Amino acid sequence: MEKKTSVVKLFMIPIVMFGFGYLMVPIYDVFCDITGINGKTGRVSASQAASLEKQQERTIKVEFTSTVNQDGSWDFAPDMPTMVVHPGEPYTTTFTARNKLDEQLISQSVPSVAPSKAAAHFNKTECFCFVEQKFAAFEERAMPLTFIIDPDIPEDVDIVTLSYTLFTKPHNG
Amino acid sequence: MNAHAVDAHDDHDHHGPDKGLMRWVRTTNHKDIGTLYLLFSLLMFFVGGAMALVIRAELFQPGLQFVDPNFFNQMTTMHALIMIFGVVMPAFVGLANWMLPIMVGAPDMALPRMNNFSFWILPFAATMLIGTLFVEGGGPAAGWTMYPPLVLQGGKSFPMLIFSVHLLGISSIMGAINIVATIMNLRAPGMTYMKMPLFVWTWFITAYLLIATMPVLAGAVTMLLTDKYFATSFFSAAGGGDPVMFQHIFWFFGHPEVYILILPAFGIVSQIIPTFARKPLFGYASMVYATASIAFLSFIVWAHHMFTVGMPVVGELFFMMATMLIAVPTGVKVFNWVSTMWRGSMTFETPMLFAIGFVIMFTIGGLSGLMLAMTPIDFQYHDTYFVVAHFHYVLVPGAVFSIVAAVYYWLPKWTGHMYDEKLGRLHFWLSTIFVNVLFWPQHYLGLAGMPRRIPDYAVQFADFNMISSIGAFGFGLSQLLFVVVVFKAIRGGQQATDQVWEGAEGLEWTLSSPPPYHSFSVQPEIK
């Protein structure tokens, strides 16, 4: 009898651990979100953004870069390479993408912020990366992005780089 | 409870094995299954070894000589998978099957039918894995670590790879559960946990590592499968996933896995050295605690395999410190082995030679591991031949030598015949010389910057590669001697005594050589 129960218990371990493997996915996301380790940026509502204290005396330089993952089906670049901004104030800029193929494509852009300690303080109220962007054949379009830097951003950060990687969604339509 | 286990076996009409081939298919006897595991492992050792020789033949000279780069990459991938899942793990499970019941005084494994099942999955899994080489696009070529997105670009071999990993995982989980159940339930009366032989202890801990981590690997490869065929995006950035996450999940399995490949080796060496030093093992309790500490630490060091993915400094420091901490319990073990030999009446029969070779060369591999543990240095060494040299030192003159030592040590018990001592010693010296010719130069290649997993290289690496390849062929051919020694001992030879070795202690030596088909139907009493 005793043997039977211990074997059942033992079989529970692999079942639980199989589940734990899957549990690592949300844990990973939450962990990266809290620590900003993965360069994941924050998202705030416009009203939250409006309530932030504006720091006119402090300036931070924001650099924009872009990458297209793998294939040559896109042109993708920031319209302004850099901006000088004040923490607590919202700014809007655009990235322009062009579908180089004679077919409809769906893009998904993934942001990353460096240095990572700035990532948690780099918030967006609106971003083309929030949703998939559908492009008709050869369509070219500027995609907007509104961001606001949290005044709590560490003192020693004076340059923040925001990078976007553009992926083609593999399953069209 | 123990009485029941004995009764269950008494209502058989006969006590010998079945006749013919079906004996091996239907057997639930731990000794038969142990033998099957060991023979399977030996066969796979030569399959994986042949792949290694393809790699070393191609690397004998710069330029592309024999195989195209894609096939070369298939060889590196398959060599690793076969050596890990087809050779070292089954060999340890085979030794556990043979030895654990008779070391703890049990009549058989706790779950004999599951035991049969967990072995017979293996040949199917291995066939499917090797079969990938013959499908469209060839075998998996993205490395045994199966990193996405590269592995997802594999051809028809990809789902076969995933399913064979699933099967191998199921087999080893069942094997491990069986081992834990045997150790917990079937020890002879009076054998407390702290009286168990160290091979039993190290396997007890290893089995828990297996049960806890193989399912995580199964989960990770299942995510790969659904990413490729069912439009999930666990590791696809376009869908909101992250390929780096695969590396975290994989190495959460992968690092405990490397201790699965070495802890039983620690147990084997801890059995052999006291026998031939004719002294009890120095620091038995510290050995047990050291093994448990290594197992615990193995769960919190995984990211040292991925220092270069762009982790924050705090994370790198944590994983560096935790990794270096493992050197402490490992050092305890090495010092205990040396202290056991200190002022012992040592003799140097083949098992002892392999065990001493293990202690020295495993320590070399451990020290290069310590170098790799240092984050700033790892940035230089990452993905170079230095890493290759490191893990081959701990796996070949480490794990493989311990398995060979165990076979020589227990072969007279299994077969009832002494093996050919002269050939055994020749096998040891040839293996030791060639394994160093093979892997030592790879340290220099790595330090000089030669990347791993490449079929061609810059000419300045030519000399060391040539030396290494000569060592590889020498080592590979020397292993044929091992086959000769083993089969000679199976077929005949001087009758072994029950005791076999003068200084041997433990329940297995109280049985006849070879032991009866069913042993310990009445459990011995341990004082």
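Residues numbered from 1 in each chain as written. Chains lettered and ligands numbered in written order. Predicted model: local features only at pLDDT ≥ 70, side-chain atom pairs only at ≥ 80, totals over all residues. Heavy atoms only, no water.

1. Some words on the overall build of chain A
- Scanning chain A from N- to C-terminus turns up three helices and ten strands.
- Structurally, chain A occupies a C-alpha span of about 75 × 50 × 25 Å along its principal axes.
- Burial status across chain A gives 41% buried among its 173 residues.
- Sequence-distant contacts in chain A: of pairs separated by 6 or more residues, those separated by 24 or more amount to 76%.
- Positive and negative side-chain charges in chain A, numbering 15 and 21 respectively, have mean positions lying 11 Å apart. (Helix = DSSP H or I, 4+ residues; strand = E, 2+ residues; numbered from the N terminus. Buried < 20%, exposed > 50% of the residue type's maximum accessible area, 1.4 Å probe, protein only. Contact = heavy atoms within 4.5 Å. Lys, Arg positive; Asp, Glu negative; His and termini not counted. Charge placed at Lys NZ, Arg CZ, Asp CG, Glu CD.)

2. Some words on the overall build of chain B
- Looking only at helices and strands, chain B features 17 helices and zero strands.
- Expected size for 527 residues packed as a compact globule is a radius of gyration near 24 Å; at 23 Å, chain B falls within 12% of this value.
- Overall size of chain B, expressed as C-alpha extent along the three principal axes, is 65 × 50 × 45 Å.
- Considering only residue pairs separated by 6 or more positions, chain B has 83% of its internal contacts joining residues 24 or more positions apart.
- Carbon and sulfur atoms make up 71% of the accessible area of chain B, which totals about 19,500 Å².
- Within chain B, one finds 22 positive and 26 negative side-chain charges whose respective centroids are separated by 7 Å. (Rg over C-alpha atoms; globule rule 2.2 N^0.38 Å. Areas by Shrake-Rupley, 256 points an atom, 1.4 Å probe, with all protein chains shown as cover.)

3. Here's the deal with the pairing of strand β9 (residues 140-149) of chain A
All names here are of chain A.
- Relative to β9, strand β5 (residues 90-99) runs antiparallel, the two sharing nine bridges. Considered in β9, the bridge of Tyr91 is made with Phe147.
- One ladder, built from five bridges, connects strand β7 (residues 122-127) with β9; its direction is antiparallel. When the sheet's bridge partners are listed, Glu126 is paired in β9 with Thr146. (Pairing = 2+ DSSP bridges.)

4. Some thoughts on the domain arrangement of chain A
- Along its sequence, chain A is organised into domain 1 (1-35) and domain 2 (42-168).
- Distance from the C-alpha centre of domain 1 of chain A to the C-alpha centre of domain 2 of chain A: 37 Å. (Domains from an automatic or database assignment.)

5. As for the packing of helix α12 (residues 327-341) of chain B against helix α13 (residues 350-373) of chain B
Residue and element names in this part refer to chain B.
- Relative to each other, α12 and α13 sit at 155°, their axes nearing to 11 Å. Judged by the inter-axis angle, α12 sits roughly antiparallel to α13. The way α12 lies across α13 gives a crossing that is left-handed. Contact residues: Ala327, Thr330, Val334, Trp337 and Met341 in α12; Met352, Ile356, Phe358, Val359, Phe362, Thr363 and Leu370 in α13.
- Residues belonging to the contact of α12 with α13 are distributed by class as follows: ten nonpolar, two polar and no charged. (Axes fitted to C-alpha atoms, helices over the stretch in contact; angles between N-to-C directions. Parallel < 35°, antiparallel > 145°, perpendicular 65-115°, else oblique. Left-handed = near helix turned anticlockwise from the far one by under 90°. Nonpolar A, V, L, I, M, F, W, Y, C, P; charged D, E, K, R; others polar.)

6. Topic: the pattern of salt bridges
Residues and elements named next belong to chain B.
- As enumerated under the stated definition, the model contains nine salt bridges over all chains in all.
- Glu136 is the partner of Lys156 in a salt bridge, and the nearest nitrogen-oxygen pair spans 3.7 Å. In this pair, Lys156 is assigned in the loop between α5 (112-131) and α6 (157-185) and Glu136 in the loop between α5 and α6, connecting sequence segments 20 residues apart.
- Residue classification places Lys156 among the partly exposed residues on the basis of a relative accessible area of 48%.
- Note that Arg278 and Glu502 form a salt bridge whose closest N and O atoms lie 2.4 Å from each other. Remark: Glu502 occurs in the segment after α17 (462-491) and Arg278 occurs in the loop between α9 (263-277) and α10 (284-297); sequence separation between them is 224 residues.
- By relative accessible area, Arg278 is classed as partly exposed at 28%.
- Overall, Glu502 belongs to the exposed group, its relative accessible area being 62%. (Salt bridge = Lys/Arg side-chain N within 4 Å of Asp/Glu carboxyl O.)

7. Details of the pairing of β5(A)
- Where strand β3 (residues 74-78) of chain A meets β5(A), five bridges bridge the pair, whose relative direction is antiparallel. Along β5(A), the bridge assignment pairs Pro78(A) with Phe95(A).

8. Quick notes on the environment of Gly137(B)
All names here are of chain B.
- In this structure, Gly137 sits in the loop between α5 and α6.
- Classification of Gly137 by relative accessible area gives exposed; the value is 57%.
- The spatial distance from the C-alpha of Gly137 to the C-alpha of Thr206 is 37 Å, given a sequence separation of 69 residues.

9. Describing the confidence of the model for chain B
- This prediction gives chain B a mean pLDDT of 93; 97% of its residues lie at or above 70.
- Low pLDDT (under 50) marks residues 1-13 of chain B, which in the prediction has eleven contacts with non-local residues, meaning those over four places away or in another chain. (pLDDT = per-residue confidence, 0-100.)

10. Section: the interface of chain A and chain B
- Listed as interface residues are 25 residues of chain A and, on the opposing side, 32 residues of chain B.
- The junction of chain A with chain B conceals about 2,500 Å² of combined surface from both sides, 77% of it contributed by carbon and sulfur atoms.
- Applying the counting criterion to the chain A and chain B interface returns zero salt bridges.
- On the surface where chain A and chain B come into contact, there are two residue pairs in polar contact (both at pLDDT 80 or more).
- Mapped onto the side of chain A that touches chain B, the elements with two or more residues apiece are α1 (2-35), β6 (105-114) and β10 (159-168) of chain A.
- In terms of residue count, α1(A) provides more of the side of chain A that touches chain B than any other element does, 16 residues in total.
- Each residue belonging to the side of chain A that touches chain B can be placed in one class, and the counts come to 15 nonpolar, seven polar and three charged. (Buried area = accessible area lost by both parts, 1.4 Å probe. Polar contact = N/O pair within 3.5 Å; in protein donor to acceptor, adjacent residues only side chain to side chain.)

11. Describing the state of the cysteines
All names here are of chain A.
- One pass over the structure, following the stated rule, counts one disulfide over all chains.
- Disulfide partner of Cys127: Cys129, at an S-S distance of 2.4 Å. In this structure, the disulfide formed by Cys127 and Cys129 twists by about 130° around the S-S bond and is classed as right-handed. For the pair Cys127 and Cys129, one class covers both residues: buried. (Disulfide = S-S within 2.5 Å.)

12. Details of the nonpolar core
- Counting residues in each nonpolar core, the largest one holds 190 residues, and the members touching the most others are Phe85(B), Leu95(B), Met146(B), Trp203(B), Trp337(B) and Trp410(B).
- Beyond its immediate sequence surroundings of up to four residues, Phe85(B) is in contact with Pro90(B), Trp144(B), Leu168(B), Met214(B), Leu217(B), Phe253(B) and Glu257(B).
- Grouped together as the second largest cluster of nonpolar side chains are 29 residues, Ala97(A), Phe122(A), Phe147(A) and Ile153(A) included. (Core = buried A, V, L, I, M, F, W, Y, C linked by side-chain atoms within 4.5 Å.)

13. A few points about the sheet that holds strand β4 (residues 82-85) of chain A
Residue and element names in this part refer to chain A.
- Spatial strand order, β4-β2-β10-β6-β8: five strands in an open sheet with mixed pairing. Every interior strand has two partners, whereas the edge strands, β4 and β8 (133-135), have only one. When strand polarity is set aside, the average angle formed by the axes of neighbouring strands in this sheet is 30°.
- Bridge count between strand β2 (residues 60-68) and β4: four bridges; the pairing is antiparallel. Following the sheet pairing, Val62 is matched in β4 by Met83.

14. What about unusual backbone geometry?
- Cis rather than trans, the peptide bond between Ala114(A) and Pro115(A) has omega equal to -5°.
- The residue Pro115(A) is located in the loop between β6 and α3 (116-119) in this model.
- Backbone torsion omega between Ser513(B) and Pro514(B) reads -5°, so that peptide bond is classified as cis.
- Residue placement: Pro514(B) occurs in the segment after α17.
- The phi dihedral of Met146(B) falls on the positive side, at around 55°, and the residue is not glycine.

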